[in-house]
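# Overview (structure and organization)
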Amino acid sequence: DVKVTQSSRYLVKRTGEKVFLECVQDMDHENMFWYRQDPGLGLRLIYFSYDVKMKEKGDIPEGYSVSREKKERFSLILESASTNQTSMYLCASTQGQMEQYFGPGTRLTVT
Amino acid sequence: AQSVTQPDIHITVSEGASLELRCNYSYGATPYLFWYVQSPGQGLQLLLKYFSGDTLVQGIKGFEAEFKRSQSSFNLRKPSVHWSDAAEYFCAVAWTGGFKTIFGAGTRLFVKA
């Protein structure tokens, strides 16, 4: 059974903290994605990676960075968390333009 | 810019009634089309997909969708809704030659007894 896992289901952080969200996939997929999901806005792409050490900005990259040192792992970093980054964060992976496989999500609250 | 539109933010149907969720996308190269479902507190799960061939595709849980190129639409249907279908549904489109998939804003389905 294919699987995408995310390091935390729920996370509470303080303003200004550095936050790491980790995502691991076991399908040997080339492409990995980070989205944030907010009510009424659907999924918005933050960053994606199409190979190890390769990354591309999505639609809303400001305030975020990413790291992909190994094919199976894709990390999202909030350098200095702010309250407007309170959201649901979803990781996904895919091979080519096939369907995306999603993790369960991390609900991040920044206070 | 490429975009995906789900005109209905939420829909309420009675259990046992039929369902149609609408999805339109902006014109572009050959699209790859998807419908995903998200149950509360969960990630997204693929319901069905269209890449080529028969424009009526069958998916899991009794769902189907029809691709109409002339209308740039990919509407999702189910003949008889069950209470467990209450969830949020996302239409998504990828275009050939790109890495990205564009998601609609989602339609939340409520099912009443």
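Below or above, wherever it landed, is the structure these notes cover. What you are looking at is a predicted structure, and each value in this text was computed from that prediction instead of being measured. (Residues numbered from 1 in each chain as written. Chains lettered and ligands numbered in written order. Predicted model: local features only at pLDDT ≥ 70, side-chain atom pairs only at ≥ 80, totals over all residues. Heavy atoms only, no water.)

## Notes on the overall build of chain A
The secondary structure content of chain A amounts to zero helices and eleven strands. Beginning at the N terminus, the succession of helices and strands in chain A can be written as β-β-β-β-β-β-β-β-β-β-β. Over its C-alpha trace chain A gives a radius of gyration of 13 Å, about what one expects of a compact globule, namely 13 Å for 111 residues. Taking contacts inside chain A between residues at least 6 apart in sequence as the whole, the part at least 24 apart equals 54%. Of the accessible surface of chain A, which amounts to about 5400 Å², a share of 49% is contributed by carbon and sulfur atoms. (Helix = DSSP H or I, 4+ residues; strand = E, 2+ residues; numbered from the N terminus. Rg over C-alpha atoms; globule rule 2.2 N^0.38 Å. Contact = heavy atoms within 4.5 Å. Areas by Shrake-Rupley, 256 points an atom, 1.4 Å probe, with all protein chains shown as cover.)

## A look at the interface of chain A and chain B
Taken together, the contact pairs 21 residues of chain A with 23 residues of chain B. Between Asp-59 of chain A and Lys-100 of chain B there is a salt bridge, with the nearest N and O atoms lying 3.2 Å from each other. On the surface where chain A and chain B come into contact, there are five residue pairs in polar contact (both at pLDDT 80 or more). Those elements that place two or more of their residues in the side of chain A that touches chain B are strand E4 (31-38) and strand E5 (42-51) of chain A. Counting residues per element, the side of chain A that touches chain B draws most heavily on E5 of chain A, which supplies five residues. Broken down by class, the residue content of the side of chain A that touches chain B amounts to eleven nonpolar, seven polar and three charged. (Salt bridge = Lys/Arg side-chain N within 4 Å of Asp/Glu carboxyl O. Polar contact = N/O pair within 3.5 Å; in protein donor to acceptor, adjacent residues only side chain to side chain. Nonpolar A, V, L, I, M, F, W, Y, C, P; charged D, E, K, R; others polar.)

## Considering unusual backbone geometry
Here the phi dihedral of Asp-28 of chain A falls at roughly 60 degrees; this positive angle occurs in a residue that is not glycine. Within the secondary structure, Asp-28 of chain A is located in the loop between strand E3 (19-25) and E4. A residue is classified by how much of its surface remains accessible, and Asp-28 of chain A, at 53% relative accessible area, is exposed. The residue Ser-72 of chain B is not glycine, and still its phi comes out positive at about 50 degrees. Secondary-structure assignment places Ser-72 of chain B in the loop between strand E8 (64-68) and strand E9 (73-78). (Buried < 20%, exposed > 50% of the residue type's maximum accessible area, 1.4 Å probe, protein only.)

## Overview of the environment of Val-66 of chain A
Residues and elements named next belong to chain A. Tracing the chain through its elements places Val-66 in strand E7 (residues 64-70). Val-66 sits in the buried class, given a relative accessible area of 7%. For the pair Val-66 and Val-52, spaced 14 residues apart in sequence, the C-alpha separation works out to 11 Å.

## Topic: the nonpolar core
Judged by nonpolar contacts, the single largest core of 27 residues is most densely connected at Leu-19, Trp-35, Leu-47, Leu-48, Phe-74, Leu-76 and Tyr-89 of chain B. Residues contacting Leu-19 of chain B, with those up to four places away along its chain left out, are Ile-11, Val-13, Phe-63, Leu-76, Arg-77, Lys-78, Val-81 and Leu-109 of chain B. Met-27, Met-32, Leu-78 and Val-110 of chain A belong to the second largest nonpolar core, which has 21 residues in total. (Core = buried A, V, L, I, M, F, W, Y, C linked by side-chain atoms within 4.5 Å.)

## Comments concerning the pattern of salt bridges
According to the stated counting rule, one finds 13 salt bridges over all chains in the structure shown. The salt bridge partner of Lys-78 of chain B is Asp-85 of chain B, with a shortest N-O separation of 2.8 Å. You'll find Lys-78 of chain B and Asp-85 of chain B in the same group, each marked buried. One network of salt bridges, with partners in common, ties together Arg-36, Asp-38 and Arg-44 of chain A.

## Quick look at the side chain of Arg-68 of chain A
All names here are of chain A. Following the sequence through the fold, Arg-68 ends up in strand E7. Here Ser-49 takes part through its side chain, which lies 3.0 Å from a polar atom of the side chain of Arg-68. For Arg-68, the contacting residues outside a window of four places in its chain are Gln-25, His-29, Glu-30, Asn-31, Met-32, Ser-49, Tyr-50, Asp-51, Val-52, Lys-53, Arg-73 and Phe-74.

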